[in-house]
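# Close look at the chain arrangement
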Amino acid sequence: MRLLKPLACAAFTLMLTGAARAEAVKVGVVLPFSGVNADIGNQINDGLKLYLKLHEKDLGAATIELIDRDSGDPTGAAAKTAVTELITRDHVQLLTGFAFSPDAIAAAPVANQAKVPMIVANAATSWITNLSPFITRTSFSMWHAAYPMGTYAAKDLGCREAAVGYTDYPPGKDSLEAFKTGFEAAGGKIVDEIPMGNPVQVPDFTPFLQRVKDEKPQCFYVFVPSGNHAAALMKTAGDVGLAQAGIKVIGPQDLIPDDHLQEMGDAAIGIIIMGNYAYDYENPANEAFKQAWHAAYVGKSRPNGFAVGGWDAMAAIVSAIRSLGGNVDDGEKVMAALKGWTFDSPRGRIMLDPVTRDIIQDEHVEQVYKKSDGSLGVKVVSTIAAVKDGCKELKVGRCK
Ligand code: PHB
């Protein structure tokens, strides 16, 4: 997307048109391009670059220069260095990416001090958007799925008791709190809360899942980072035999990323999740998105919800640049332009809440099933319209 022209060519254009071409808007992209979570970074990156490729023409005279930086392992350290350098050395006007919460959390004070807007394309710990008025999020908060799933598990799935497993870092703890809040309010009882390792390495999930099997709750709500963590978790759930023991595995859509779903095999069949995007959604925006993806990325895997998070983040960026006529030096004006933004995303209609700067979107109860051709699919069971981040709605924990 680097559209900077060589100097001589720019001077020639200037002579011909008599007008200076606007300088490219610099956007720093901070994502895990290496390590165990690189597939999440690559999906987000492919989504945002695809949107830009197809819609750069919407920018008028403005152009975008993307500067990619690897956030590596999700400890926050590499992301903080990357964001500091992007702001002080590269003079980026906007930041996006941020797949993992520790990366967004570590970057937040730096971006806040410099008043550089962060358009978070995934990192989902609820209170990230409370860290700075210069942060907005186009993906989801852990509460979007976990809180309504707590209610659904107690009321619709008939679960009186549930165990919760989570990767032991901010979004995992957020998931636990959100599910527990919804589940207990609907009369359910949490029988165990199980921290299951950190996001840097995929652990052996066997002892955690065996513990759940021995406890025999009706439901096991689980959050692990998507991608390789989720693939390993689902395989172990099958090996341990949770479903055969009568325990319903439930969670957010992170458990069944579309690019890993087919390899999960029978272990995934019947799993119930709360989500905002599946490859199988039938709507015109998703059909167009999938077509564009397969045309641009021949031989690559399917897009998943992360790719959509990237696509939507870039749509928000393009919209803000366009509405400000390419002049995005003032972070406050960019944030004002983003508040209340609405978009027909492949996941459905979305909006950036003008008050919280977090996303408002439909959440769907979905079930994995075997299609007649033997492949695995995701079907929507029911929909909750226009869900806001429950943590901020209820003012719970760090959202007080
Ligand atoms: C996060 O760190 O916020 C995160 C990472 C991966 C996910 C969801 C949330 O699948």
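Residues numbered from 1 in each chain as written. Predicted model: local features only at pLDDT ≥ 70, side-chain atom pairs only at ≥ 80, totals over all residues. Heavy atoms only, no water.

## A look at the domain arrangement of the protein chain
We count it as follows: A domain assignment, automatic or from a database, supplies the domain bounds used here. Contacts are assigned to residue pairs that have any heavy atoms within 4.5 Å of one another. Throughout, buried area stands for the accessible area (probe radius 1.4 Å) lost by two parts on being put together, summed over both. The salt bridge criterion pairs a side-chain nitrogen of Lys or Arg with a carboxyl oxygen of Asp or Glu, the two atoms within 4 Å.
We note that the domain assignment places domain 1 (4-140 + 282-357) and domain 2 (143-275 + 362-399) within the protein chain. Each of domain 1 and domain 2 has a C-alpha centre, and these two points are 29 Å apart. Each partner contributes to the interface: domain 1 provides 30 residues, whereas domain 2 provides 28 residues. Between domain 1 and domain 2, a total of about 2200 Å² is buried, with carbon and sulfur atoms accounting for 55% of that surface. Joining domain 1 to domain 2, the criterion identifies one salt bridge. Close ionic contact of Asp353 with Lys388 constitutes a salt bridge, the shortest N to O distance being 3.7 Å.

## As for the sheet that holds strand 1 (residues 25-31)
Applicable threshold: DSSP calls a pair of strands paired once it identifies at least 2 bridges connecting them. Under the DSSP-based scheme used, a helix requires at least four consecutive residues in state H or I and a strand at least two consecutive residues in state E, with every element numbered from the N terminus. Only the stretch in contact is used when a helix axis is fitted, and all axes are lines through C-alpha atoms; the angle between N-to-C directions ranges over 0 to 180 degrees.
Within the open sheet, the five strands sit side by side as 2-1-3-4-5. Their pairing is parallel. Single-partner strands in this sheet number two, and they are strand 2 (64-70) and strand 5 (135-137). Taken over all neighbouring pairs, the strand axes of this sheet differ in orientation by 25° on average, direction set aside. Bridging between strand 3 (residues 94-97) and strand 4 (residues 118-120) involves three bridges; their strand directions are parallel. Paired with Leu95 across the bridge in strand 4 is Met118. Against the sheet, helix 2 (residues 38-55) contacts strand 1, strand 2 and strand 3, and its axis sits at roughly 175° relative to strand 2. This element, helix 4 (residues 101-114), spans strand 3, strand 4 and strand 5 of the sheet and lies at about 160° to strand 4.

## A short note on helix 7 (residues 206-215)
Rules: For every residue, the accessible area (1.4 Å probe, protein chains only) is compared with the maximum for its type, and the residue is labelled buried under 20%, exposed over 50%, or partly exposed between those bounds. An arc is given here, and it is the one of the directions from the helix axis to the C-beta atoms.
Within the span of helix 7, buried status applies to Phe208, Leu209 and Val212. For helix 7, the buried positions fall inside an angular range of 90° around the axis, keeping them on one side. Looking at the packing, one finds that the buried side of helix 7 touches strand 6 (161-166), strand 7 (189-195), strand 8 (219-223) and helix 8 (228-240). Looking one or two residues past helix 7, Lys216 carries a phi angle of roughly 55°, positive in sign.

## Concerning the packing of helix 7 against helix 8
We apply this condition: Roughly parallel means an angle under 35 degrees; roughly antiparallel means over 145; roughly perpendicular covers 65 to 115; every other angle is labelled oblique. Crossing handedness is read from the near helix: turned anticlockwise from the far helix by less than a right angle, it gives a left-handed crossing, and turned clockwise, a right-handed one.
Axis separation between helix 7 and helix 8 bottoms out at 10 Å; the angle between their running directions is 45°. The angle between helix 7 and helix 8 places the two elements in the oblique class. As helix 7 runs across helix 8, the sense of the crossing is right-handed. Taking contact as the criterion, the partners of Thr206, Leu209, Gln210 and Lys213 in helix 7 are, on helix 8, Leu233, Thr236, Ala237 and Val240.

## Section: the pairing of strand 6
What counts is decided by this rule: Think of it like this: strands point away, you trace from the first strand over the helix to the second, and a clockwise trace means the crossover is right-handed.
Where burial is concerned, most of strand 6 is hidden: five out of the six residues are buried. Taking the sense of rotation as the criterion, the β-α-β connection linking strand 6, helix 6 (residues 170-185) and strand 7 turns out right-handed. When strand 6 meets strand 8, the two strands line up parallel, connected through five bridges. Note that in strand 8 the partner of Ala162 across the bridge is Cys219.

## So, the nonpolar core
Test applied: Take the buried Ala, Val, Leu, Ile, Met, Phe, Trp, Tyr and Cys residues and link them wherever side-chain atoms come within 4.5 Å; each set so joined is a nonpolar core.
Counting residues in hydrophobic clusters, the biggest one holds 82 residues, and the most contacted among them are Ile64, Leu233, Leu242, Ile256, Ile271, Met314 and Ile321. By residue number, the principal contributor to this core is helix 11 (residues 305-323), which donates twelve residues. Viewed by domain, this core spans two of them, domain 1 (4-140 + 282-357) and domain 2 (143-275 + 362-399), each represented by three or more residues. Once residues lying within four places of it in the same chain are set aside, the contact partners of Leu242 are Leu209, Val212, Lys213, Phe220, Ala237, Ile247 and Val249. By size, the runner-up hydrophobic cluster in this structure holds 27 residues, among which are Ala145, Met149, Ile190 and Cys391.

## Some thoughts on unusual backbone geometry
A positive phi is found at Phe98, a non-glycine position, where the angle reads about 65°. Checked against the element boundaries, Phe98 lands in the loop between strand 3 and helix 4. Look at Lys115: it is not a glycine, yet its phi comes out positive at around 60°. Here Lys115 lies in the loop between helix 4 and strand 4. Looking at Lys115, the relative accessible area reads 43%, which means it is partly exposed.

## Quick look at the state of the cysteines
For clarity, the threshold we go by: Disulfide: a pair of cysteine sulfur atoms within 2.5 Å of each other.
According to the stated counting rule, one finds two disulfides in the structure shown. Between the sulfur of Cys391 and that of Cys399 lies a disulfide, 2.0 Å long from S to S. Measuring the twist about the S-S bond at about 105°, one finds the Cys391-Cys399 disulfide to be right-handed. An identical accessibility class is assigned to Cys391 and Cys399; each is buried.

## Focus on the site of the ligand
This is how it is decided: We call a residue near a given molecule or strand whenever any one of its heavy atoms falls within 4 Å of it. Counted as a polar contact is a pair of N or O atoms within 3.5 Å, where, for protein atoms, one must be capable of donating a hydrogen and the other of accepting one, and residues adjacent in sequence contribute only when both atoms are in side chains. Only the protein chains shown count as cover for residues, and all accessible areas are computed by the Shrake-Rupley method using a 1.4 Å probe. Classes in brief: Ala, Val, Leu, Ile, Met, Phe, Trp, Tyr, Cys and Pro nonpolar; Asp, Glu, Lys and Arg charged; the others, Gly included, polar.
Near the ligand there are 13 residues, and of these Ser101, Ala124, Tyr169, Ser226 and Asp254 occur at the shortest range. One of the side-chain nitrogen or oxygen atoms of Tyr169 is found 2.8 Å away from an oxygen atom of the ligand. Alone, the ligand offers 280 Å² of accessible surface; in the complex the protein occludes 100% of this. Residues that form the shell around the ligand fall into these classes: nine nonpolar, three polar and one charged. If you count residues domain by domain, the shell around the ligand takes at least three from each of domain 1 (4-140 + 282-357) and domain 2 (143-275 + 362-399).

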